[in-house]
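Examination of the molecular architecture
Spelled out from the first residue to the last, the chains are:
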Amino acid sequence: RMVTFATAATEAEETDTTAAEATPATPQTETVAANTSGFGLGRPALAEEIAAWDLDVSPDGTGLPEGRGDVFTGEEVFAENCAICHGDFAEGVDNWPVLAGGFDTLADKDPVKTVGSYWPYLSTVWDYVNRSMPFGAAQTLEPDDVYAIVAYILYSNDLVDDDFELSHENFAEFEMPNAGGFVVDDRPETEYVNWRSEPCMTDCKQSVEITMRATVLDVTPDEEGSGEASSMSHDSGTQMAAATPAATEVPAAEEPTAEEPAEDAPAVQVAAAAAIDRELVKSGEKVFKKCKACHQIGEGAQNKTGPQLNDVFGRTIGGIDGFKYSKGFKAAADEGRVWDEAAMYEFLSKPKSFIKGTKMSFSGLKKDSDLEAITAFLKANGG
Amino acid sequence: NTPDPLITELQDWASGTGDGVDATPYGLPIEYESDVIRRNVEWLTADTISSINFTPIHALDGTITPQGCAFERHHSGAIELRKDDYRLMINGLVDQPLVFSYADLERFPRENHVYFCECAANTGMEWAGAQLNGAQFTHGMIHNMEYSGVPLRTLLEEAGLDTAGDLAGKWVYVEGADASSNGRSIPMEKALDDCLVAFKANGEALRKEHGYPVRLVVPGWEGNMWVKWLRRIEVMDGPVESREETSKYTDTLADGTSRKWTWVMDAKSVITSPSPQSPITHGTGPVVISGLAWSGHGKITRVDVSRDGGMTWETARLGKQGDSKALTRFYLDTEWNGEDWLLQSRAIDETGYVQPTKAQLREVRGENSIYHNNCIQTWHLKANGEAENVEVS
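Residues numbered from 1 in each chain as written. Chains lettered and ligands numbered in written order. Predicted model: local features only at pLDDT ≥ 70, side-chain atom pairs only at ≥ 80, totals over all residues. Heavy atoms only, no water.

Another aspect to go through is unusual backbone geometry. Residue and element names in this part refer to chain B. Omega for the bond connecting Y212 with P213 falls within 30 degrees of zero, at 5°, which places this linkage in the cis form. Relative to the helices and strands, P213 is located in the loop between β11 (204-205) and β12 (215-217). The peptide bond linking S273 to P274 adopts the cis configuration, its omega dihedral lying at -5°. Summarising the element assignment, P274 is placed in the loop between β16 (268-273) and β17 (285-294). Non-glycine residue W261 carries a positive phi angle of around 60°. Structurally, W261 can be placed in the loop between β15 (258-260) and β16. Even without being glycine, K325 reaches a positive phi, approximately 55°. Along the chain, the position of K325 falls in the loop between β20 (317-318) and β21 (328-336). (Helix = DSSP H or I, 4+ residues; strand = E, 2+ residues; numbered from the N terminus.)

This is the structure in structure tokens:
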């Protein structure tokens, strides 16, 4: 594939050709018509552009960049970027996916499908982490970080020892436990042959009885769509298939990289609460997009991965009963510290230095304008 | 009999005036239809950013789904991507890797086709038993629109496929511009057959939640492959085996092995009215039983309806002859005398495939499949006109 790219790029640079001027395609098989004309639309893709977007990795390792990462490093990177949703040991938090364990459960009633128990190719893990994670900050990880995270996920599945290092060199050697667990769609042989016959119209059964009723479970959202019906979770022990078709991805760190020195330091402005600037609130709503994978605010807000934010100003830091705070937050609560604007500014600009050991894997808002906006937004929405 | 004041008395609307033009430059449904909306099942997922909601199929008729109530499925939220900022790249085993702007796409010859788009997980919560009480929730991960766009084949040929050599074993990897970078591998045969790079639906631009400005349409195949915000098409000599085609959208059978590449959505149908969210409120007498049928293998040729839980069947009337890989509306115009009904529908497509019962599916697949549940659905219609989602022997 690399050769193809290089050739294409060279052609593009040398001749500045358009597709129409390129050699017309000729039919390869009966089913493919010739590109006899070509419309001459579009322009050649440049090598740098292809390199920026063509990141997918195939099972044989094609597409992997050079790099390496060990389990030890991976544990740190994982804790920083992934643990907020997947748990410190890849065990999954709330409804976020479990990444480890579940071996020998695939034939059980409710199989636990994890990277270790289910995923057939290591390339898929690397590719997915590299392109789609962390949730809310995709494509911000360096290759070495991705190698390290993948090494740690293998370790958390007991598939490698703690001194394991994953690299582009040993990648192809690794075979996943469930690699042989898949068959290509066999419905034509196992289903279609039996179900393509004239169906019965009369006397098809002797009798019919109702064996199960949806209203017994009562998990249907009400007509307002507020979904208040049930708190039934996927892993509750009912006999129902609370399937997770939309099994979710991972929210995790925003901008997991640089902790910037806050030198242009918090010009903490005490906003005149009476006149909350609408524009500011509006831009604060955009800033809040970084937060809302984990935090809710407003009517009906609940604790999710992070605590709900209603009446946060004036609340004791770490003060919501029943939320699992980090040690740092518990200590702050014990000291009776309270969220005011100054504290919020400081926290949101550098979370990890304000509360040591906070589980909030967010590196902080760097712009004063964003800090002002988020404060205005929180206040305008009942924070 | 008392005269009806709605007829005998002068009504405001017959005397005064209504809204002028431009009252709503882009119209919305009248307030009395405000219950016809997409709905989410909150306990299904951890967050709405990566979740799904459901089309209110119980409240619609005909076959075309209005965009505003067509179900949404996002893996990392619906992004805002301007046409001016849109780029589509074709690379890999092509003669000339190309980049198209949105304007370029509108200069290729284009086609219009009506297709259904069904999430592979539609009805997935019903594998182990009747669970959600409403057609919207059991069958609402589907919509049906008229798409305008350029055949994927046209774009691939523009880039040239000589380099790919023998196309028999080749694949096309398609990927979106959003943070989930949802990517799927499609065999070349399908890519050159009927896939469409679409930019309009039901005559207007795609909605943000459906991939504005450009999405892929993969007729008859599971919705996850209809990549939204389509940004890259790569010709490859094998499948990527991405997360969405290994960890997800694979079907685990009772013995623990899993089927992969189960792309086609088999024939399926559901009665949309009466149904739990659409009870009979008019009393006994004439009633229209109405529903939807579809098949990823082609046209629906027949739909049968049973009122006794599958003991006897009668053939329903099709609203019009079925379009290939599109929703077909069926009706059974009949009488209801207040008796209990166990309502079922059974679709048959042009390949002769007959929609199976839940028992037939379980016998082959067990109960852990999640995806591709196309079983016959049962509604229990009671004397009061209400209906409930049930499972029958």
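This brings us to the environment of A:V98. Residues and elements named next belong to chain A. Following the sequence through the fold, V98 ends up in the loop between α4 (83-86) and α5 (122-132). You can call V98 partly exposed: its relative accessible area is 33%. Put simply, V98 and L55 are 43 residues apart on the chain and 25 Å apart in space, counted from C-alpha to C-alpha. Once residues within four sequence positions are removed from consideration, V98 is found in contact with A90, E91, G92, K113 and T114. (Buried < 20%, exposed > 50% of the residue type's maximum accessible area, 1.4 Å probe, protein only. Contact = heavy atoms within 4.5 Å.)

Before going further, it helps to spend a moment on the sheet that holds strand β14 (residues 251-252) of chain B. Read from one edge to the other, the open sheet built from 3 strands follows the order β4(A)-β15(B)-β14(B), with strand pairing classed as mixed. Among the strands making up the open sheet, the edge pair consists of β4 (182-184) of chain A together with β14 of chain B. Where β4(A) meets β15(B), 3 bridges bridge the pair, whose relative direction is parallel. Bridged to A:V183 within β15(B) is B:R259. (Pairing = 2+ DSSP bridges.)

Another aspect to go through is empty space enclosed by the protein. To locate leftover empty space, one rolls a probe as large as a water molecule over the atoms. According to the stated counting rule, one finds 6 cavities of 30 Å³ or more in the structure shown. What the largest cavity holds in volume is close to 240 Å³. In this structure, the second largest cavity occupies an estimated 100 Å³ of space. Of all the secondary structure elements, the ones that give two or more residues to the lining of the second largest cavity are α5 of chain A together with α7 (243-246) of chain B. Taken together, the residues of the lining of the second largest cavity sort by class into 2 nonpolar, 8 polar and 5 charged. (1 Å grid on protein atoms, 1.4 Å probe; cavity = no way out; pocket = protein on both sides within 12 Å on 5 of 7 lines; lining within 4 Å. Points joined across faces, edges and corners; volume = space filled by probe spheres on them. Nonpolar A, V, L, I, M, F, W, Y, C, P; charged D, E, K, R; others polar.)

Here we take up the interface of chain A and chain B. Contacts between chain A and chain B engage 115 residues on the former and 128 residues on the latter. Approximately 9900 Å² of surface area, both sides summed, lies buried where chain A meets chain B, with 54% of it carried by carbon and sulfur atoms. Taken together, the links from chain A to chain B amount to 10 salt bridges. Taking the shortest distance from any N to any O, the salt bridge between A:E191 and B:R259 comes out at 2.9 Å. (Buried area = accessible area lost by both parts, 1.4 Å probe. Salt bridge = Lys/Arg side-chain N within 4 Å of Asp/Glu carboxyl O.)

Further remarks concern a negative patch on the surface. Residue and element names in this part refer to chain A. Where like charges cluster on the molecular surface, the negative patch consists of E75, E76, E80, D88 and E91. Positionally, E75 belongs in helix α3 (residues 71-81). The class for E75 is partly exposed, based on a relative accessible area of 39%. (Patch = residues over 30% accessible without salt bridge, like charges linked within 9 Å, V, L, I, M, F, W, Y side chains within 5 Å. Areas by Shrake-Rupley, 256 points an atom, 1.4 Å probe, with all protein chains shown as cover. Lys, Arg positive; Asp, Glu negative; His and termini not counted. Charge placed at Lys NZ, Arg CZ, Asp CG, Glu CD.)

On to the confidence of the model for chain A, then. All names here are of chain A. In this model, chain A carries a mean pLDDT of 78, and residues with pLDDT of at least 70 account for 75%. Across residues 1-36, where pLDDT falls below 50, the model places 62 contacts with residues more than four positions away in sequence or in other chains. Confidence drops under pLDDT 50 across residues 225-275; counting only partners more than four residues distant or on other chains, this segment forms 140 contacts. (pLDDT = per-residue confidence, 0-100.)

We now examine the pairing of strand β23 (residues 378-381) of chain B. Successive side chains on a regular strand alternate, one facing one side of the sheet and the next facing the other. All names here are of chain B. Going residue by residue along β23, you find T378 and H380 tucked away on one face and W379 and L381 tucked away on the opposite face as well. Sheet analysis places strand β22 (residues 341-349) next to β23, joined by 4 bridges and oriented antiparallel. Across the sheet, L342 pairs through a bridge with H380, a residue of β23. With 4 bridges connecting them, β23 and strand β24 (residues 387-392) associate as antiparallel partners. Bridge pairing links T378 to V390 in β24. Hairpin connection, β23 to β24: the antiparallel pair is bridged by 5 residues, and G385 has positive phi, about 90°.

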